[in-house]
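A closer look at the structure
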Amino acid sequence: MRLLVAGGGLAGLVAAARALELGASVTVLEKGDRPGGSFVYSSGYIWSYRDLPTFRREAPGGDPDLQALVLGRLEEALSWLEASGGVILSRETGNPLTFGARFDPEPTAAALAGRVEKAGGQLLLRRALRRLLTAEDGRVRGAVVEGEGGRDEAAADAVILATGGFAANPELVRRHILRGPGRLLLRAHPWSAGEGFLAALAAGARPGPGLDEFYGRNLPAPPARFGPKLFVEVSQLYGRHAVAVNLRGERYADEGADWSETALVRATALQPRQRAWYLLDAAALRRRVRERSVGEMVEAARRVGGTVLRAGSLEELARRLGERGVPAERLLRTLREYNAAAEAGRAGELRPPRSGEAPVLGEPPFAAVEVAAAITHTIGGLAVDAGCRVLREGGEPVGGLYAAGVEAGGLSAGGYASGLAAALVLGMRSAETAVEEAG
Ligand SMILES: Cc1cc2nc3c(=O)[nH]c(=O)nc-3n(C[C@H](O)[C@H](O)[C@H](O)COP(=O)(O)OP(=O)(O)OC[C@H]3O[C@@H](n4cnc5c(N)ncnc54)[C@H](O)[C@@H]3O)c2cc1C
């Protein structure tokens, strides 16, 4: 059977390698100038929650069948990836809620790409899927492909969409996620602009749950400047040790709502200019998150030109933010209210409430870091079943069309789950279903 895989990120490379093992003839279209997608910028942790109840609790809007698929097949898929040349750095995730392994992204992506080519697959760079071709019965039978040499048609018995969602399309992000004006920073490669998603909708597919959700991080706000290789290093992942205020000087979210701080980043995206200030005292700067201290993360923001202010008192901190346009009086009121509630052990009664630890902001010197919400990938995408078949409005599959990785929506709606695990497990599964159904 002839299989077309659109997208050469982790999901696409895995789907291609697995389909070749199963005897398919495979062409991978990759829009960018290299394979690997966002995987090569990532920390490489491929993980699942430990059990289904935890998965349900952490991503309650997600599809339980897809969650059970990732949970049930991850161990086997990690072994497959290692046997396919993936380089394991650690068999720990460092998070008691999860299990999995950490892979070294660049050599692992290179090994997968090499495996695809060695097995006779074609890996075409700078070639983008623009549209799906369908037969009269609605079955997908190929795609319109655009490359440097122009447009042509590629016939296929099945197409797997592994095109990574629409994080890099500001208009789709405004329509579905921001639901209004604004722009998120992009914490990913620039090629996932929603072409796979839109092509599938045009072929009769429907979106799955969580279309207004995204996974991302708060990054140092402009004028900070940094390239994609610094995405991990400059991420400001310590909201739970800070007090987060918007440009109006108000707390706008529960800083400690979830371990991955996904809710805080999403809330930041809905604030004026998609920005916020993280306010810290000396005790918070000494706290550790994974292998770094908060102070080191703040220093990383400063090194790339981010705005970091220091002050000897809360009054001075408010004054300094006032010079940057934040109403100083209101900010001081916010901080005094927060401190009073934290001191009394009643931070859960604040509006918005503060869950988890709620340290008083009291030990000088103080710091303020300006952050902006950045999108790594969309959470919603195409509705798929547990065989990765893309579904129509009525629940019937679009014949010959499958989706994997970010493009398959609905795994982690309502929260967050490993995007790399979705790429690995759904990549394998989509290939198996496509080959099986082609007979
Ligand atoms: C800094 C950073 C750290 C991360 N850390 C982790 C982590 O530790 N653990 C974790 O689980 N996740 C992590 N992630 C997320 C993870 O990298 C992604 O979820 C995962 O790589 C997505 O894989 P994918 O193949 O579905 O999509 P992508 O990697 O986005 O790949 C999609 C591919 O499709 C191509 N494409 C797009 N449109 C077209 C088209 N029209 N035609 C042809 N090709 C097209 C793109 O060029 C791209 O190569 C991180 C991401 C970043 C950026």
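Residues numbered from 1 in each chain as written. Predicted model: local features only at pLDDT ≥ 70, side-chain atom pairs only at ≥ 80, totals over all residues. Heavy atoms only, no water.

Bringing the overall build of the protein into the picture now. Across its full length, the protein holds 13 helices and 20 strands. Over its C-alpha trace the protein gives a radius of gyration of 23 Å, about what one expects of a compact globule, namely 22 Å for 439 residues. Evaluated residue by residue, the protein yields a buried proportion of 58% over its 439 residues. Restricting to contacts in the protein with at least 6 residues of sequence separation, those with at least 24 account for 71%. Accessible area of the protein: about 17200 Å², with a carbon and sulfur share of 48%. Computing the positive centroid from 54 side-chain charges and the negative centroid from 52, the protein places the two 4 Å apart. (Helix = DSSP H or I, 4+ residues; strand = E, 2+ residues; numbered from the N terminus. Rg over C-alpha atoms; globule rule 2.2 N^0.38 Å. Buried < 20%, exposed > 50% of the residue type's maximum accessible area, 1.4 Å probe, protein only. Contact = heavy atoms within 4.5 Å. Areas by Shrake-Rupley, 256 points an atom, 1.4 Å probe, with all protein chains shown as cover. Lys, Arg positive; Asp, Glu negative; His and termini not counted. Charge placed at Lys NZ, Arg CZ, Asp CG, Glu CD.)

Where helix H3 (residues 64-83) contacts helix H13 (residues 419-437), the axes come no closer than 8 Å and their chain directions differ by 90°. Classified by the angle between their axes, H3 and H13 sit roughly perpendicular to one another. Between H3 and H13, the residues in contact are Leu66, Leu69, Val70, Arg73, Leu74, Glu76, Ala77, Leu78, Trp80 and Leu81 and Ala421, Leu424, Val425, Leu426, Met428, Arg429 and Glu432, respectively. By residue class, the composition of the contact of H3 with H13 is 13 nonpolar, no polar and four charged. (Axes fitted to C-alpha atoms, helices over the stretch in contact; angles between N-to-C directions. Parallel < 35°, antiparallel > 145°, perpendicular 65-115°, else oblique. Nonpolar A, V, L, I, M, F, W, Y, C, P; charged D, E, K, R; others polar.)

Attention now goes to H13. Here H13 spans 26 Å end to end across 19 residues, near enough to the 27 Å set by a 1.5 Å rise per residue. With respect to burial, H13 is a largely interior element, 15 of its 19 residues being buried. (Expected span 1.5 Å × (residues − 1).)

When the UniProt feature table is mapped onto this chain numbering, "domain: FAD-dependent oxidoreductase 2 FAD-binding" (unreviewed entry) sits at residues 3-417. Here residues 3-417 is 29% helix and 25% strand, with 28 Å between the C-alpha atoms at its ends. (UniProt positions renumbered as here; feature names shortened; annotations may be inferred.)

Among the nonpolar cores identified, the biggest contains 100 residues, and Val26, Ile46, Leu129, Leu132, Leu161, Leu401 and Leu424 are the most heavily contacted of them. With eleven residues, the single largest contributor to this core is H13. Both domain 1 (2-212 + 379-437) and domain 2 (220-374) contribute no fewer than three residues apiece to this core. Counting 24 residues, the second-largest nonpolar core is a separate cluster that includes Val243, Leu314, Leu335 and Leu361. (Core = buried A, V, L, I, M, F, W, Y, C linked by side-chain atoms within 4.5 Å. Domains from an automatic or database assignment.)

This part is about the sheet that holds strand E4 (residues 88-90). Taken together, the three strands give an open sheet; going across it, the order is E3-E5-E4, and neighbouring strands pair in antiparallel fashion. Two strands lie at the open edges of the sheet, namely strand E3 (45-49) and E4, each paired on one side alone. Averaged over all adjacent pairs, the angle separating strand axes in this sheet is 30°, with direction ignored. Looking at chain direction, E3 and strand E5 (residues 98-103) are connected through five bridges and run antiparallel. Residue pairing for E5: Tyr49 is matched across the bridge by Thr98. Each of E3, E4 and E5 touches H3; the most contacted strand, E5, lies at about 20° to it. (Pairing = 2+ DSSP bridges.)

This part is about the side chain of Glu370. With respect to the helices, strands and loops of the structure, Glu370 is situated in strand E18 (residues 366-378). You can call Glu370 buried: its relative accessible area is 9%. When neighbours within four sequence positions are excluded, Glu370 is seen to be in contact with Leu219, Pro220, Ala221, Leu247, Arg275, Ala276, Trp277 and Thr307.

What follows is about the pattern of salt bridges. Close approach of charged atoms allows side chains with opposite charge to pair. As enumerated under the stated definition, the model contains 33 salt bridges in all. Note that Arg130 and Glu195 form a salt bridge whose closest N and O atoms lie 2.6 Å from each other. Pair noted here: Arg130 is in strand E7 (residues 128-134) and Glu195 is in helix H6 (residues 195-202), with a separation of 65 residues, a long-range link. Overall, the relative accessible area of 23% leaves Glu195 in the partly exposed class. Measuring nitrogen to oxygen at the nearest pair gives 2.9 Å for the salt bridge that ties Glu315 to Arg336. (Salt bridge = Lys/Arg side-chain N within 4 Å of Asp/Glu carboxyl O.)

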